[in-house]
Amino acid sequence: MLNKIATDKAPGAIGPYSQAIVFNNMLFTSGQIPLDPATGAMVEGDITLQAERVMQNLQAVLEAAGTCFDRVIKTTCFLANMSDFAAFNAVYGKYITSAPSRSCVAVKELPKGSLVEVEVIAYI
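Residues numbered from 1 in each chain as written. Predicted model: local features only at pLDDT ≥ 70, side-chain atom pairs only at ≥ 80, totals over all residues. Heavy atoms only, no water.

*Asks:* Would you mind going over the pattern of salt bridges in detail, with residue names and values included?
*Replies:* By the definition in use, this model includes one salt bridge. With a shortest N-O distance of 2.4 Å, Glu52 and Lys94 are connected by a salt bridge. Note that Glu52 is positioned in helix H1 (residues 47–64) and Lys94 in helix H2 (residues 85–95), a separation of 42 residues in sequence. Judged by relative accessible area, which is 16%, Glu52 ranks as buried. (Salt bridge = Lys/Arg side-chain N within 4 Å of Asp/Glu carboxyl O. Helix = DSSP H or I, 4+ residues; strand = E, 2+ residues; numbered from the N terminus. Buried < 20%, exposed > 50% of the residue type's maximum accessible area, 1.4 Å probe, protein only.)

This is how it looks when you write it as structure tokens:
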């Protein structure tokens, strides 16, 4: 059975998708970009500021589903510029310390001009 996860502590979906779906005690999040959940506005600034907001948004979705970063088993990270890799890792490593499997790729463009987007798979 599929359960949709929604929280007002993370930005609402800006398209025809859910913040996350639970299936068989597994959580699959949609990608989070650095939108402020209170205003819906993009967090302006460098990769560090944007990555912080992304990780805070993911944390809110994980908590709404009854799980946490320690239970993340896979992340997919998208960077607008691979030169931000080290700075992104510094923020990412503060939140995800369990060393799950990960893909991190540079992409041509992200929604709303974001510098970073992250999605996770976690168990509940």
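*Asks:* Can you explain the sheet that holds strand S4 (residues 72–79)? Please cite residues and give values.
*Replies:* Strand order in the open sheet formed by six strands is S1-S2-S3-S6-S4-S5, and the pairing between neighbours is mixed. Pairing within the sheet leaves two strands with one partner each, and these edge strands are strand S1 (2–5) and strand S5 (101–106). Ignoring which end each strand starts from, the neighbouring axes of this sheet average 15° apart. Two strands pair when backbone bridges link them, and S1 and strand S2 (residues 20–23) are joined in this way by four bridges, in the antiparallel orientation. (Pairing = 2+ DSSP bridges. Axes fitted to C-alpha atoms, helices over the stretch in contact; angles between N-to-C directions.)

*Asks:* Give me the lowdown on the environment of Lys4, citing residues and values where you can.
*Replies:* Tracing the chain through its elements places Lys4 in strand S1. If sequence neighbours within four positions are ignored, Lys4 has contacts with Ser18, Ala20 and Ile21. (Contact = heavy atoms within 4.5 Å.)

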